[in-house]
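Structural overview for review
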Amino acid sequence: MSSKTSPKMSPAARQFIDKVIGLSTSLNAQTEADALVVKREAAQQQLLSLGLPTRKDEDWQYTSIQPLLQQDFRLSETVSTAELSLAQLEPFLPDFETIRLVFVDGEFSESLSAGFEYIPDGLSIEMADADAIQSIALPETADAFQWINELLLDQGLTIQLDAQIVLEVPLHILFVQTQSGTVLTPRLQVHLGEAAQCQLLQHFVCLADETLTWVNGVGQITLEAGATCKQVVLQDLSDSSFYFNHQTTTQATNSNFESTYLALGSQLSRHHSVAQQQGDAAETTQDSIVPGRDQQLLDTRTLTQHHALHGQSRQLHKMVLGDAARGVFAGMIEVAKGAQKTDGQMDIKSLLLSPQAKVDAKPQLEIYADDVKCSHGCAAGQIDEDQLFYAQARGIRRTDAMQLITQAFLLEPLEKFQVQPAMQAWLTQRVVDKL
Amino acid sequence: MLLSVENLHAQVADEPEKAILKGLNLNVKPGEVHAIMGPNGAGKSTLSSVLAGREDYEVTAGTVSLSGEDLLELSAEERARKGVFLAFQYPVEIPGVSNKLFMQTAVNAIRDEQGLPALDMFDFDTYAQSKIDLLKMPKNLLDRSVNVGFSGGEKKRNDIFQMALLEPKLCILDETDSGLDIDAMKVVANGVNSLRSSDRSFIVVTHYQRLLDYIKPDFVHVLFDGQIIQSGGFELVHELEEKGYDDLIQAHQQQQTQK
């Protein structure tokens, strides 16, 4: 493999890149669409010139990718998805109505999917469409993991909701990983026409606790004027897995994007949510719920770009870290010169349950307009002893009191998430099961 | 004897040079209501905290027993399970935890101690409603987060409601009347009065005589410098109101120097 143009890299990083390029090459051999091959090859050049990030890079200061580099990943083998029964999926299925799209090792399974009767006219769902995949161009600023997504791009999911269409039933996109040692590179594109509304539940799981997988996704969500999208990203991979996801949401006038990321699994994860307000009076919510335990490293980042007038953005990030878990947060609210009357707020609150647990949080504001209201707050601490004593003085055991208080602390973003009660309850239970 | 406190010495856990209780004696029989008054810094809140088991305080000498059992050996939650209840001077806010879940957990913890089966959501609702009616509390009290966004009066009221739910043997009210307006004070007093019974005792710690006018304690004690320097009946409240603590304190200090 030629890697002449690449910067100085550790042997492990170089080897890792070479393997990924090898996977891409084998993919190219099976691909008929020339355009896709060209795209992958361009991504390869990008990756080689960029190299893999190290902790010397500012954006990776707190997040080491060494555990990922030690793994040897391959592409999933095509399996007959009929081998998987619906009963095996039961633990991952919500108890409320959804339009369910199931992907087994990246492959769409029609037999496991359901709820097509809820698909209205004006909703189109397309899979494996090379043209659709190509329509998303990664920005020049894309990082190594986004380029890897493109390098291994094989199947995309494109969801288009026409203007005025309101999707009543949530769209549950379930990625089930069954093959250990494989990499999944999902590419999601969602387009909401004017005043369209939908709820998205993106859900990543491993079929068995022993399955070690690497999800490396890229997403693009576009909201036209007045559109509303409520998104939940439920990352519930096995404890040995890796998760990297980078999503960009662009918002037109009066649109509302409300999103909650739940980091429930993986040994190393990094969820990156970029929101760009391009039209006036747009509203953005980027919340997260991060319960960490064992040796997990859970990284959450946001970039909120206000480019227009009267924009509002809210962020509430909650982490509860036990054992030797590490939580990382970095968030930036950018207010462009003309974006007057912007109202932005970012809060990061963490509870540390053990002396070995650690949190690194970096909230940032960059404001070029003079008439804005922006703030950020960051707090990390232990459980309030006064709260514990109050509960104990009522006869509640200390461990039970800790559980009550921790849960309530962590679930705050879900409490205010305006979705049907059944969905709220189901998501709550997913989080509670991890505590 | 329900509660027997003998020669109790206590200090703030990290400050050994600063003794707060210096040989306190107190006996409470079932059904009795005792008031503990005294100037600022006398040790009133320390006494409440030590009895309830707050770990910020360290007992250096003396004994405390509840129905003959050594109370000091027990953790705060065990004391609560045995029937000790502390109404807080400043009830604590617990964001996100509903009053209902909090109190259902507490009631079931105490039922567990008594060998009774846990109440499910519906049985607990019925039980809680009966207490809400008894105390004439607002119906929505259970739906809110524990004390979050409550006014000072509402917090105290919530503590009294919790007391009614847990049906303790010994209720300690730690300056429950501080910062209350007259209406809220009446609610607290009515709560205490409606929970009075021949087998439930109260220790009412307070600065002011006003709450005691409503509650009418059987015994009144004056706490100063970590000791009870005077005990009497309800009439002592009005004596203190007229003369203040000064005479008592001076007499006590003279006695101390003579020793």
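Residues numbered from 1 in each chain as written. Chains lettered and ligands numbered in written order. Predicted model: local features only at pLDDT ≥ 70, side-chain atom pairs only at ≥ 80, totals over all residues. Heavy atoms only, no water.

What follows deals with the interface of chain A and chain B. Tallying the contact residues gives 15 residues for chain A and 31 residues for chain B. Between chain A and chain B lies a buried interface of about 1,900 Å² when both sides are counted; carbon and sulfur atoms form 65% of it. If you sort the residues of chain A by the area they bury against chain B, F389, Y390 and R394 of chain A come out on top, with a joint share of 41%. As a salt-bridge pair, D159 of chain B and R394 of chain A come within 3.3 Å of each other at their nearest N and O atoms. Along the contact surface separating chain A from chain B lie eleven residue pairs in polar contact (both at pLDDT 80 or more). (Contact = heavy atoms within 4.5 Å. Buried area = accessible area lost by both parts, 1.4 Å probe. Salt bridge = Lys/Arg side-chain N within 4 Å of Asp/Glu carboxyl O. Polar contact = N/O pair within 3.5 Å; in protein donor to acceptor, adjacent residues only side chain to side chain.)

All names here are of chain B. Looking only at helix 8 (residues 235-243), the buried set comprises L236, V237 and L240. Mapping the buried residues of helix 8 onto a view down its axis gives an arc of 110°, with all of them on the same face. Of the residues in helix 8, the exposed ones pointing more than 90 degrees away from the buried face are E235, E242 and K243. If you follow the buried residues of helix 8, they end up packed against strand 3 (33-37), helix 7 (210-215), strand 11 (219-224), strand 12 (227-232) and helix 9 (246-258). (Buried < 20%, exposed > 50% of the residue type's maximum accessible area, 1.4 Å probe, protein only. Helix = DSSP H or I, 4+ residues; strand = E, 2+ residues; numbered from the N terminus. Arc of directions from axis to C-beta.)

What follows deals with the layout of surface pockets. A probe as big as a water molecule, rolled over the atoms, marks out the empty space that is left. All names here are of chain A. Approximately 600 Å³ is the volume attributed to the second largest pocket. What lines the second largest pocket is a set of 29 residues, among which D105, G106, E107, D154 and Q155 lie closest to the centre. Residue assignment for the lining of the second largest pocket shows that the elements contributing at least two residues are helix 1 (11-29), helix 2 (34-50), strand 5 (156-161), strand 7 (182-184) and strand 8 (187-192). Here the lining of the second largest pocket is built from residues that sort into 14 nonpolar, nine polar and six charged. (1 Å grid on protein atoms, 1.4 Å probe; cavity = no way out; pocket = protein on both sides within 12 Å on 5 of 7 lines; lining within 4 Å. Points joined across faces, edges and corners; volume = space filled by probe spheres on them. Nonpolar A, V, L, I, M, F, W, Y, C, P; charged D, E, K, R; others polar.)

Residue and element names in this part refer to chain A. With domains assigned, chain A is organised as domain 1 (53-77 + 94-382) and domain 2 (383-435). Both faces considered, domain 1 and domain 2 share a buried interface measuring about 2,500 Å² in area, 73% of it formed by carbon and sulfur atoms. When residues of domain 1 are sorted by the area they lose upon contact with domain 2, F96, I289 and K318 head the list and together hold 21% of the total. There are three salt bridges connecting domain 1 and domain 2. K416 is the partner of D287 in a salt bridge, and the nearest nitrogen-oxygen pair spans 2.7 Å. Here domain 1 is connected to domain 2 by six residue pairs in polar contact (both at pLDDT 80 or more). Considering each element in turn, the side of domain 1 that touches domain 2 owes the most residues, six residues, to strand 15 (residues 283-292). Split into classes, the residues belonging to the side of domain 1 that touches domain 2 amount to 16 nonpolar, nine polar and eight charged. (Domains from an automatic or database assignment.)

With that out of the way, let us pick up the nonpolar core. Counting 111 residues, the largest nonpolar core has L3, F102, F161, M163, L173, F202 and I203 of chain B as the members making the most contacts within it. Two domains share this core, each providing at least three of its residues, namely domain 1 (53-77 + 94-382) and domain 2 (383-435) of chain A. If we skip the residues at most four places from it in the chain, I203 of chain B touches L3, L26, V28, H34, I36, L51, L170, C171, I172 and L173 of chain B. Residues L157, C229, F329 and C374 of chain A belong to the second largest nonpolar core, which totals 48 residues. (Core = buried A, V, L, I, M, F, W, Y, C linked by side-chain atoms within 4.5 Å.)

Right, let's get into the sheet that holds strand 12 of chain B. Residues and elements named next belong to chain B. The strand order 6-9-10-3-11-12 describes an open sheet built from six strands, whose pairing is mixed. Every other strand in the sheet has two partners, leaving strand 6 (84-87) and strand 12 as the edge strands with one partner each. Between one strand and the next, the sheet's axes are offset by a mean angle of 20°, whatever the strand orientation. Pairing analysis gives four bridges linking strand 6 to strand 9 (residues 170-174), with the strands arranged parallel. For A87, the partnering residue across the bridge sits in strand 9 and is L173. Most of the contacts of helix 5 (residues 152-166) go to strand 6, to which it runs at about 170°, and overall it touches strand 6, strand 9 and strand 10 (201-205). Packed onto the sheet, helix 9 meets strand 11 and strand 12 and runs at close to 125° relative to strand 12. (Pairing = 2+ DSSP bridges. Axes fitted to C-alpha atoms, helices over the stretch in contact; angles between N-to-C directions.)

A few words on the pattern of salt bridges. On inspection of all chains with the given rule, the structure shows 36 salt bridges over all chains. We note a salt bridge from R314 of chain A to D343 of chain A, for which the minimum N-O separation is 2.9 Å. Of this pair, R314 of chain A sits in strand 17 (residues 312-321) while D343 of chain A sits in strand 19 (residues 343-352); the two residues are 29 residues apart in sequence, bridging distant segments of the chain. Judged by its relative accessible area of 16%, D343 of chain A falls in the buried class. A salt bridge links R54 of chain B to D386 of chain A, with the shortest nitrogen-to-oxygen separation between them at 3.3 Å. Residue R54 of chain B is found in the loop between helix 1 (44-52) and strand 4 (57-66), and its partner D386 of chain A is found in helix 7 (residues 385-392); the two belong to separate chains. One network of salt bridges, in which partners are shared, links K39, E150 and R187 of chain A.

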